[in-house]
Amino acid sequence: MDADNGGRPGPETPPGPLQEQDRLQERKPLNMTKPAARAPAPPAVAERDIRASDADRDRIAEILREALAEGRLDPEEHAERIDAVYRAKTMGELEPVVRDLPAAGGSRPQPDQGGSAHGPAAPAPDQNLVAIFSAALRKGRWQAPARINAVAIFGSVEIDLTEAVFPQQQIQINVTAIFGSVEIRVPENITLRSSGSGILGSFEVETREAGDSDAPQVHVNGYAVLGSVEAKPKRGAWIRDLRDRLREGHRELRRQVWEDHQQLRQEQRDWHERHRAERRERRDRFRKGFDG
């Protein structure tokens, strides 16, 4: 009660802005946890910073050799660029060497992606092999896709993977044989599995597990109706052998390029020596004419 008001209750004093702010802060719950710190994302590696392989250097050297044969480069320029190629460590250092030259095959060389029998590379599109009253064959050195569809109707299909490049680890082969035959051959050191069946026909797959867990895996699925499907390893065909042959081929190519480079350097030195001898001869003739 207010004494100045004769003991009667007076009006309440409205709270000020500071009191209202304190009251709101008392009502808000306190967050005692600290926000989790975000780990910084690793920086992406630019294409020009990728380390160059021996196959990349060999491709650039081949472009330079073609440019020399076509007269786009003289022996001195070729020798300087070859030195730069075999000193280069990244793709960014290789690119300027052939920037002013046409690339072999009409396209700029890219980082090596298919130099081994099993390794990372751009995925190949699905392949369809169809034989209707005919025959279809796929063999030799080729890039096996992740999925192969084989259809044989009164015909035959042969798929030979013994010399194929495996960009991915798993390959699925879907087969349909109706009054026809499908024959599949794979290297010995890969995993071969099957989930097909024969209906009044034969579906024979010699399943096996490779000792290396990183070895390619081939899955054969489908059915044979009054036909036959056969899949088994080819004796003596090993991916390791293919890799060894590839490495030997690269070493032989590098040796040949190095020998050509040394020969060009010798021809360059001989040319400079002849040029200096001719200049000395002209200078001596000039001096003799002046003295006479």
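What you are looking at is a predicted structure, and each value in this text was computed from that prediction instead of being measured. (Residues numbered from 1 in each chain as written. Predicted model: local features only at pLDDT ≥ 70, side-chain atom pairs only at ≥ 80, totals over all residues. Heavy atoms only, no water.)

1. As for the packing of helix α2 (residues 54–69) against helix α3 (residues 75–87)
Move 1: Between α2 and α3, the least distance of the axes is 10 Å, while the angle of their chain directions is 175°. As judged from the angle between their axes, α2 and α3 are roughly antiparallel. Residues R57, D58, I60, A61, L64, R65 and L68 of α2 lie in contact with α3, whose contacting residues are P75, H78, R81, I82, V85 and Y86.
Move 2: Its residues placed into classes, the contact of α2 with α3 shows 8 nonpolar, 1 polar and 4 charged. (Axes fitted to C-alpha atoms, helices over the stretch in contact; angles between N-to-C directions. Helix = DSSP H or I, 4+ residues; strand = E, 2+ residues; numbered from the N terminus. Parallel < 35°, antiparallel > 145°, perpendicular 65-115°, else oblique. Contact = heavy atoms within 4.5 Å. Nonpolar A, V, L, I, M, F, W, Y, C, P; charged D, E, K, R; others polar.)

2. With respect to the environment of V220
Move 1: Position of V220 relative to the elements: it lies in strand β10 (residues 217–225).
Move 2: The buried category is assigned to V220, whose relative accessible area is 0%.
Move 3: For V220 and N174, which are 46 residues apart along the polypeptide, the C-alpha to C-alpha distance reads 6.1 Å.
Move 4: Not counting chain neighbours up to four residues away, the residues in contact with V220 comprise I173, V175, I184, L192, R193, S194, S195, G196, F203, V205 and A231. (Buried < 20%, exposed > 50% of the residue type's maximum accessible area, 1.4 Å probe, protein only.)

3. Concerning a nonpolar patch on the surface
Move 1: A cluster of nonpolar side chains, namely V130, I132, F133, F154, F179, I199, L200, Y223 and L226, defines an oily patch on the protein surface of about 930 Å² accessible area.
Move 2: Mapped onto the secondary structure, L200 falls in the loop between β8 (197–199) and β9 (202–205).
Move 3: By relative accessible area, L200 is classed as exposed at 72%. (Patch = residues over 30% accessible without salt bridge, like charges linked within 9 Å, V, L, I, M, F, W, Y side chains within 5 Å. Areas by Shrake-Rupley, 256 points an atom, 1.4 Å probe, with all protein chains shown as cover. Salt bridge = Lys/Arg side-chain N within 4 Å of Asp/Glu carboxyl O.)

4. Here we look at α3
Move 1: Between its first and last C-alpha, α3 extends 19 Å over 13 residues, near the 18 Å set by a 1.5 Å rise per residue.
Move 2: H78, A79, R81, I82 and V85 are the residues of α3 that are buried. (Expected span 1.5 Å × (residues − 1).)

5. A few points about the packing of aromatic side chains
The description of two aromatic rings rests on the distance between their centres and on the angle between their planes.
Move 1: Inspection of every chain in the model, using the stated rule, returns 2 aromatic pairs.
Move 2: Ring geometry for F133 versus F154: centroids 5.0 Å apart, planes at 5°, classification stacked. Pair noted here: F133 is in the loop between β1 (127–132) and β2 (135–138) and F154 is in the loop between β3 (147–153) and β4 (156–160), with a separation of 21 residues, a long-range link.
Move 3: For F133, a relative accessible area of 64% translates into the label exposed.
Move 4: Taking relative accessible area as the criterion, F154 reaches 41% and is therefore assigned partly exposed.
Move 5: Measuring from ring centre to ring centre gives 4.9 Å for F154 and F179, while their planes differ by 0°; the resulting arrangement is stacked. Here F154 is found in the loop between β3 and β4, whereas its partner F179 is found in the loop between β5 (170–178) and β6 (181–186), with 25 residues between them in sequence.
Move 6: Judged by its relative accessible area of 41%, F179 is partly exposed.
Move 7: A network of ring pairs unites the aromatic residues F133, F154 and F179 as a single cluster. (Phe/Tyr/Trp six-rings, centres within 6.5 Å; stacked < 30°, edge-to-face > 60°.)

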